[in-house]
Amino acid sequence: MNPLLLIIVPLVGAALAAFWPDNRTRPWFLPAVGLVHVVMTFWLFINPPIVTPDAWLGFDPLARAVLPAVSLLFLVSAVYGVSYLRIRSERPNRVFVAVLLAILGLLSAGHQARHLGLLWITTEAVTLAAVPLLHFNNTPRAFEATWKYLLVGGTGIALSLLGSFCLGYASLHGGGVGDLTFTSLTAQGAGLSHPWVLTAWVLLLVGYGTKMGLAPMHTWKPDAYGEAPGIVGAILAGGVTTVAFTAILRVRSVVAAAGAGPIADRTLLVIGLFSMLVAALFLLGTRDYKRMLAYSSVEHMGILCIGAALGTAGAAAALFHVWSNSLTKGSLFLSAGNIRRAAGSPLMDDVRGMAVLTPRSAALFVAGMFAVTACPPFGPFFSELQVVRASLTAWHGVATAIFLTCLLLAFFGLTRVIFGIVDGRPHPTTKANSKNFVETIGVLAPPFVLLGLSLWLGLFTPAILREAWLAAVAQLFPTP
Amino acid sequence: MSGTLNLLIGLAMGMNLLALGSSRLPALIRAMSIQGMLLGVMPLLMEHERLDWRVVLVALATIGGKGILIPGLLRRATRAANIEREIEPFIGFIPSLLLGAGGTIAAVALARALPLLPEHVGTLLVPGSLASILTGFILLIGRAKAIAQVCGYLILENGIYLFGLLLIHSTPLLVESGILLDVTVGVFIIGIIVDRIQRAFDSLDTRKLTTLRE
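Residues numbered from 1 in each chain as written. Chains lettered and ligands numbered in written order. Predicted model: local features only at pLDDT ≥ 70, side-chain atom pairs only at ≥ 80, totals over all residues.

Enquirer: Can you walk me through the overall build of chain B in this structure?
Expert: Within chain B, the regular secondary structure consists of eight helices and zero strands. Listing every helix and strand of chain B by position from the N terminus yields α-α-α-α-α-α-α-α. At 18 Å, chain B has a C-alpha radius of gyration in line with the 17 Å of a compact globule built from 214 residues. When the backbone C-alpha atoms are referred to their principal axes, chain B occupies close to 55 × 35 × 35 Å. Here chain B holds 214 residues, and 45% of them are scored as buried. (Helix = DSSP H or I, 4+ residues; strand = E, 2+ residues; numbered from the N terminus. Rg over C-alpha atoms; globule rule 2.2 N^0.38 Å. Buried ≥ 20, exposed ≤ 12 C-beta atoms within 10 Å, placed from the backbone.)

Laid out in structure tokens, this is it:
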């Protein structure tokens, strides 16, 4: 099967949804296209195609190791989307549905992009496409968040374009032809001009790091995730950030081939630890449970960077963590969306006693919190354990200590907020508001399934998945 | 050819200073629009032998997009929003100009430190690009009006475009046109959001956007 279908099918679905006349039936496009996408992705996952080295797009081992997680997350979120858009039937959903599907197509393209310029175009397109999703609620707060997202995200993405040009110039200056495919850049290796490679690395790390939400470029994230609907948060945090992370992984392997691997690893380690620290401190301070999820996402992006900095074992752990983070964070965003809808406010000062008002969503939220703070036997526990093991094997004692301290602080921060809103006696206003929200199977099953997948990933990581991660690591760390 | 190219880049750098010193939105938009047109002409000057029709296409698209379409959209937004035309700065005009001038000198010095190919040594492409990027940042940080910030963002993009000209012979034009398309769509979307902010807040002063914080 042609992997291009992964891109074409969602884009065609988006076009159809844009012209579909009926507001009530249009949301069904989401799970329909999502299902086709999951089937195609897993078919390709089991029968990986042979990628020609100089192809601009291809289902290569790295795409194979990450894209199925995004596809799975999208399908489950799409099922949630049908129920969510039924509740929000007062809002026209033409743009919302079409854009979500377009994002799936663009994410598939971004994960498969083997050309620096193409990678930039798809990442930029995803950034822009997400804009209407962020202000779906049409409130002044949502527009404020969208503006900040556009300015910070736009500047970040502009810097990554500059970085891509610098890497191209590194190739030209080193006597190459300036071909921007990752294969040819890696093949040129030590021939790349050293000062330009370092400039490019800094700019690309800042640029794609902004998209990922690494501190200190994370400032758009709490605003955007706080104001967007839960389903959008789930897809942004579990899908869009991963494409930026794989971009950083691909660039890192070029930089390593050029002989600057140790410098790249050191910067990744420092920025990862800094992100975790900033996120942990903000988690201790925030009073908004949706912004809390954004800070938790910043923390997990830090964990991914730390993993990527720790050689082959660390990179495999990071790819594992992409899966466990995407699925767990998706579950948390969806159950938080339910609670937000029932409670009518995102602030822990106004919301109390959700265990009484929305018992099932609250239970899922608490279970999701234990999963995301790495309690066994959920996925994140095992992936973070592997990161710790890789870091101890590499003799990074201090880094490991900071890592574990941040995890502990984040645990305190998350439990403080979550038990604050779940426990206690509900306010009368919250009680009145929650009458409008019914916990149907449609809004409960998706977060439950995602949580179940996270548990399954932790308990029975399939051998084929491990093999896919190792294959991706072999692509990123070619043995000379 | 390099002489004409340098002249144009010099003019574009002059536009940076003009943009930093403008106290009114229409003047800022005009400086940005002239800079966009200058950038559009440059790829034509960089062709050595015969003119490739694709380069001509990119040049025309750049002149049309950066020089006419986007500034036109911004002018319409200014009129439709009926905002006062004065730009309120966080960083005053004289300090911005001094920063911009200092930045331009620093850009020339920095460009000398980076290794360049022989055919690029004599051109102002790298200093011009760095100076425009810096100008863009000063405008993004130092102006309160949303439209002035958008102009800053576009000048930043112009700087990156200048850098991209170093690669014009090696990157396929497909990539360039994709980038141009993305930038144009981006400005469209920014324009829509500016319009919505105007309606929601009854103002385009970004100092009013302070609800979301810890």
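Enquirer: Honestly, the overall build of chain A in this entry has me stumped. Any pointers?
Expert: Helices and strands together make up the secondary structure of chain A, namely 20 helices and zero strands. By its C-alpha atoms, chain A is 70 × 55 × 40 Å across when sized along the principal axes. Nonlocal contacts in chain A, meaning residues at least 24 apart in sequence, comprise 82% of its contacts between residues at least 6 apart. (Contact = placed C-beta atoms within 7 Å.)

Enquirer: Help me out: how do you make sense of the interface of chain B and chain A in this one?
Expert: A common way to state how big an interface is: give the accessible area lost once the parts meet. Taken together, the contact pairs 32 residues of chain B with 36 residues of chain A. For the side of chain B that touches chain A, the element with the highest residue contribution is helix α8 (residues 173-201) of chain B, accounting for 13 residues.

Enquirer: What exactly am I supposed to notice about the nonpolar core here?
Expert: Side chains of nonpolar character tend, in soluble globular proteins, to be buried together. Counting residues in each nonpolar core, the largest one holds 244 residues, and the members touching the most others are Leu-101, Ile-103, Leu-134, Val-197 and Leu-319 of chain A together with Ile-147 and Cys-151 of chain B. Per element, the largest residue contribution to this core is 29 residues, and it comes from helix α11 (residues 230-285) of chain A. Setting aside chain neighbours within four positions, we find Leu-319 of chain A in contact with Ala-65, Val-66, Trp-469 and Ala-472 of chain A. (Core = buried A, V, L, I, M, F, W, Y, C linked by C-beta atoms within 7 Å.)

Enquirer: Would you mind showing me how to read the packing of helix α13 (residues 311-343) of chain A against helix α20 (residues 463-476) of chain A here?
Expert: A packed helix pair is summarised by two numbers, namely the angle formed by the two axes and the spacing between the axes. Residue and element names in this part refer to chain A. Remark: α13 packs on α20, axes separated minimally by 9 Å, with the N-to-C direction vectors making an angle of 130°. Compared by their axis directions, α13 and α20 come out oblique. Where α13 crosses over α20, the two elements pack in a sense that is right-handed. Between α13, through Thr-312, Ala-315, Ala-316, Leu-319 and Phe-320, and α20, the contact on the second element is made entirely by Trp-469, Leu-470, Ala-472, Val-473 and Leu-476. Within the contact of α13 with α20, the residues separate by chemical class into nine nonpolar, one polar and no charged. (Axes fitted to C-alpha atoms, helices over the stretch in contact; angles between N-to-C directions. Parallel < 35°, antiparallel > 145°, perpendicular 65-115°, else oblique. Left-handed = near helix turned anticlockwise from the far one by under 90°. Nonpolar A, V, L, I, M, F, W, Y, C, P; charged D, E, K, R; others polar.)

Enquirer: Quick question: what am I supposed to make of helix α6 (residues 125-142) of chain B here?
Expert: Because each turn of an α-helix spans 3.6 residues, side chains separated by three or four positions end up pointing in the same direction. With 18 residues, α6 of chain B extends 25 Å from end C-alpha to end C-alpha; this agrees with the ideal 26 Å at 1.5 Å per step. Most of α6 of chain B sits out of view: 16 of its 18 residues are buried. (Expected span 1.5 Å × (residues − 1).)

Enquirer: Explain the packing of helix α4 (residues 94-112) of chain A against helix α5 (residues 116-129) of chain A here, please?
Expert: Residue and element names in this part refer to chain A. With their axes 9 Å apart at the nearest point, α4 and α5 run at an angle of 160° to one another. What the angle tells us is that α4 and α5 run roughly antiparallel. You can see that α4 and α5 cross each other, and the crossing is left-handed. Within the contact between the two elements, α4 uses Val-99, Ala-102, Ile-103, Leu-106, Leu-107, Ala-109 and Gly-110 and α5 uses Leu-119, Thr-122, Thr-123, Ala-125, Val-126 and Ala-129. Looking at the contact of α4 with α5, its residues break down into 10 nonpolar, three polar and no charged.

Enquirer: Explanation requested: the environment of Val-187 of chain B in the structure shown.
Expert: Residues and elements named next belong to chain B. If you trace the backbone, Val-187 turns up in helix α8. Separated by 37 residues in the primary sequence, Val-187 and Val-150 place their C-alpha atoms 8.0 Å from one another. If near-sequence neighbours (up to four positions away) are discounted, Val-187 is found in contact with Ile-70, Leu-73 and Leu-154.

Enquirer: What's the story with α20 of chain A in this structure? I'm lost.
Expert: Residue and element names in this part refer to chain A. For α20, with 14 residues, the first-to-last C-alpha span of 20 Å sits near the 20 Å given by 1.5 Å per residue. Every buried residue of α20 is listed here: Ala-468, Trp-469, Ala-472, Val-473, Gln-475 and Leu-476. End-on, the buried residues of α20 take up no more than an arc of 160°, which puts them together on one face. More than 90 degrees from the buried face of α20, the exposed residues found are Ala-463 and Ile-464. Among the structural elements, α2 (29-46), α3 (61-87), α11 and α13 are those in contact with the buried residues of α20. (Arc of directions from axis to C-beta.)

Enquirer: Can you walk me through the confidence of the model for chain B in this structure?
Expert: Atom-level detail of predicted coordinates should not be read off regions where pLDDT is low. Residue and element names in this part refer to chain B. Mean pLDDT over chain B: 84, with 93% of residues reaching 70 or higher. Looking over chain B, one finds the lowest element-wise mean pLDDT in α8, namely 74, and the highest in α6, namely 93. The ipTM value of the predicted complex is 0.92, and its pTM value is 0.94. (pLDDT = per-residue confidence, 0-100.)

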